[in-house]
Each structure stands twice: as structure tokens, then as C-alpha cells.
Amino acid sequence: MDTSKLILKPGLEGIPVTQSSICDIDGQKGHLLYRGYQIEELAQKSSFLETAFLLIWGELPTTSELRNFEAEVQMHRRLSFRVRDMMKCFPASGHPMDALQSSAASLGLFYSRRAIDDPKYVYNAVIRLIAKIPTMIAAFQLIRKGHDPIQPRDDLSYSSNFLYMLTEKEQDPLAAKVFDKCLILHAEHSLNASTFSARVTASTLTDPYAVVASAVGTLAGPLHGGANEDVIAMLDEIKLPENAKSFIKDSILTKRKIMGFGHREYKVKDPRAMILQQLAEELFDRFGKDEMYEVAKQLEEEAIPLLGAKGIFPNVDYYSGLVYRKLGIPRDLFTPIFAISRVAGWLAHWREQLGANRIFRPSQIYTGSKPRSWVPLDER
Ligand code: ACO
């Protein structure tokens, strides 16, 4: 095939691959909207489940719609003993994102009717995925500690219950409130890598559990959701605020990326990073300071004069790890928690993709060998 007229755009930068009415980003002004609502307003006034409903079904729910949605999610939070037993066979040393990807994919075995044109099937799949992903993450955390997973508690809200299942104790309401806001902030972000992955998988008309499992696998990488773990490792390495200046200079000289900085879309500070920074401060005021926050602030101050001109500023991952750390969440659970939230966006895109589907099949520019003759094994 003659591909000489094709123009390659590595990473598909600037190439629209779909139309979408879910999320709008203005990367120059630092604006983020879900279905037309500003992220700042949602973080202040909404709950994660209400925001998930908005993203997936397109409009804010009425009181009864929200109550039903919350009740259905609550009803489906438990895991089958088969899923729990399967998780007990996972190696405790494995990464929780791999445990989550496998467990999410396994739901396809239990609900194997691929009736994606049946609204009831679609609704149930949405409920199950939103309900069960937090339970899976908490179950793996307890299993790898040698404990038995604990059952969800019906008297607790979505976020309080997750923190309870994870830590085996009921948390302060402020912790649950801050956690719920973190879920709102991470719920959707247009065609990022994992959402694109979800849409590509959805376009084959496979089941929603495979769609979510493929997105979880994509989110796991350090250039995407995995960056918040690396931010904490980097701040750990810097240790003290006074080391930030030399760290940033050395990093620029050696072309080492500052984790939690830079974004394909934003050329200013990510609006979610600003809200997360406020949430982190709220937690520090209540539960005590974290020295690492001082390192993070100093690093940001030193980095902006050097990287700001290139449009490189803190992204959503820069402060999220500090919030989760203060909530007592282990570092390798930061990205699985991102998945609890982003499943709302993935499911919204799954539905949208099915509404106007064409299988994704991009082209390539071939750089391999010209046609050549087969060489028998003994002549090579
Ligand atoms: N630190 C230092 N320099 C950076 C950084 C950074 N974090 N990010 C980008 N740059 C520089 C690059 O070195 C490059 O410079 P050059 O043109 O002089 O070679 C330029 O900015 C463009 O960088 P790319 O990597 O090509 O930008 P791209 O849009 O492809 O990547 C990405 C965006 C992956 C987020 C990148 O900024 C990065 O690797 N950041 C660190 C990892 C991170 O925080 N990821 C989380 C992103 S948010 C999320 O997924 C939830």
C-alpha cells in the first residue's frame, strides 16, 4: 500500500477520533467541564455517585433517580465467594492494578450475556462495575495482608464504606468527604489513554467487563494513572524542601521528567491539582502536617520558572498522592483508587461509543522490508 501521503502523528496528538458530549477541556484556560458543569462546582456541591450518574446518563439525576441509583449500587457491592476465592489465589506480591484488572475481567464470566443492545443489561453492568470495583480493591488489600475480606456496610455511604472495607475501621467523616471529592475529580477526562482504550475495546462490541479491564490495564502505566505513585517516590527521594532546587536543575540537565508535571491538554496548572491541593491542606489542618507537602510545594515553586514557559505545570497526580497518603492509603493503591473513579468516565464513553459505533481500525506507515524470498532454515 502506498502510504507516502499519510501524515504520522505520534500519540495521535491533535487528531480527533470521535465526537463526544461528555467532557470538555480548555487546556489554555485550565477549565474542565463534565456534561457542561464546571469541575469546581461539582467538587463543591455534588457527590461521586451523582457525578457518575451525570456522566453516564447525561443529566443530573432527580431526587428519586439518585436514591434508586445509590440503593442499587449499595445492593450490588458484595462479591461472589468465587471472585473472593479467585483473588485469594493471586500472589500477595502482585500489583493491585493487576489484581483489579483480572477481577474486573472475571465479572464477564459471571454475567456473560453480551446483550449490549438491552437497556436493562447496560444499566445492570453500570451498577455492578461501580459497585464492585471498590470492594475488589479492598478485598485484595486485606487478602494480601493475610486477612479475610470484610463485607460492605449498608449504613455507610459509598466512600465511607470503601475506606471502612479497606482499613477495617470506620473513618472520620472528613476523610470520607475528601475521598469522595477525589473521586469526583478523577471521574472523567475526555480521550485520555485509558478512555481511548475503553472506546477501542467497546467498538468491537465485546462485553463491558472487558471494556473496563482493558482500560484498567492502560491506566496502570507510569505515564498515565501510575504517575501518582511515582510522585511520592520522587518526593521521598528529594527528602527536604532545600533539596528541591538542585533536584529540579539536575532533572532538567539529565532530561529526567518531574512526575506529576506536564499534560498533553493543559498548558497551565491543572484545575484538579488546585482543588486537590486545597483538600490536602484541609486534611493537614485537621489531622496534622505532612513534611512531604512542604517538599512538594517547594519543588513546584522551583519548577515553574524553569518549566512553566514550556507549559509544564502540576497535573492531577501531583497532589493526589499526598491526599491519599494522609488518608492512610498504601502507595500502590493510588492507581486502583483512580480506577474506582474513572470507571464512571469509561462507562459513559462505552455507552456513547455504542450509540454511534464503528470499529476502530487506524492505518499505519509501513517501514519494514520490501517483499523478499523465503530462505530455507539450513541456508540462513
Ligand atoms: N518534566 C520535565 N519535562 C517534561 C515533563 C515533565 N514532567 N513533561 C513533559 N516535559 C517536556 C519533555 O521533556 C518534552 O521536552 P522537549 O520538547 O524539550 O523534548 C516536552 O515537555 C514535551 O513532552 P512530551 O513527553 O512529548 O509531552 P506529552 O504530551 O507526550 O506527554 C505526559 C504528556 C506523558 C503527561 C508528560 O508530561 C509526562 O511524562 N509527565 C510525567 C508523568 C505524569 O505526571 N503523568 C500523569 C499525567 S496526568 C494523568 O494521566 C492522569
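Residues numbered from 1 in each chain as written. Predicted model: local features only at pLDDT ≥ 70, side-chain atom pairs only at ≥ 80, totals over all residues. Heavy atoms only, no water.

Let's shift gears to the overall build of the protein chain. Helices and strands together make up the secondary structure of the protein chain, namely 16 helices and 3 strands. Over its C-alpha atoms the protein chain spans a radius of gyration of 22 Å, differing by no more than 12% from the 21 Å that the globule rule assigns to 380 residues. Dimensions of the protein chain along its principal axes, counting C-alpha atoms only, are 70 × 55 × 50 Å. Taking all 380 residues of the protein chain together, the buried fraction comes to 51%. Taking the contacts inside the protein chain whose residues are at least 6 apart along the sequence as the reference set, 76% of them involve residues at least 24 apart. Accessible area for the protein chain stands at about 18700 Å²; split by element, carbon and sulfur atoms hold 53% of it. Treating the 47 positive side-chain charges of the protein chain as one cloud and the 46 negative ones as another, the clouds have centres 4 Å apart. (Helix = DSSP H or I, 4+ residues; strand = E, 2+ residues; numbered from the N terminus. Rg over C-alpha atoms; globule rule 2.2 N^0.38 Å. Buried < 20%, exposed > 50% of the residue type's maximum accessible area, 1.4 Å probe, protein only. Contact = heavy atoms within 4.5 Å. Areas by Shrake-Rupley, 256 points an atom, 1.4 Å probe, with all protein chains shown as cover. Lys, Arg positive; Asp, Glu negative; His and termini not counted. Charge placed at Lys NZ, Arg CZ, Asp CG, Glu CD.)

Around the ligand there are 17 residues in total, and Lys257, Ile258, Gly260, Phe261 and Arg264 lie nearest to it. Between phenylalanine 261 and the ligand, the recorded distance is 2.8 Å, taken from a backbone N or O atom to a nitrogen atom. Note that an oxygen atom of the ligand is positioned 2.7 Å from one of the side-chain N or O atoms of arginine 264. Taken by itself the ligand offers 920 Å² of open surface, and the protein chains cover 69% of this. Class assignment of the residues belonging to the shell around the ligand gives a composition of 8 nonpolar, 5 polar and 4 charged. (Near = heavy atom within 4 Å. Polar contact = N/O pair within 3.5 Å; in protein donor to acceptor, adjacent residues only side chain to side chain. Nonpolar A, V, L, I, M, F, W, Y, C, P; charged D, E, K, R; others polar.)

Orientation of helix α6 (residues 119-144) relative to helix α16 (residues 334-355), taken along the N-to-C sense of each, is 170 degrees, at an axis distance of 9 Å. Classified by the angle their axes make, α6 and α16 are roughly antiparallel. From α6, Val122, Ala125, Val126, Leu129, Ile130, Ile133, Pro134 and Ile137 reach across to α16, where they touch Pro336, Ile337, Ile340, Val343, Leu347, Trp350 and Arg351. Looking at the contact of α6 with α16, its residues break down into 14 nonpolar, no polar and 1 charged. (Axes fitted to C-alpha atoms, helices over the stretch in contact; angles between N-to-C directions. Parallel < 35°, antiparallel > 145°, perpendicular 65-115°, else oblique.)

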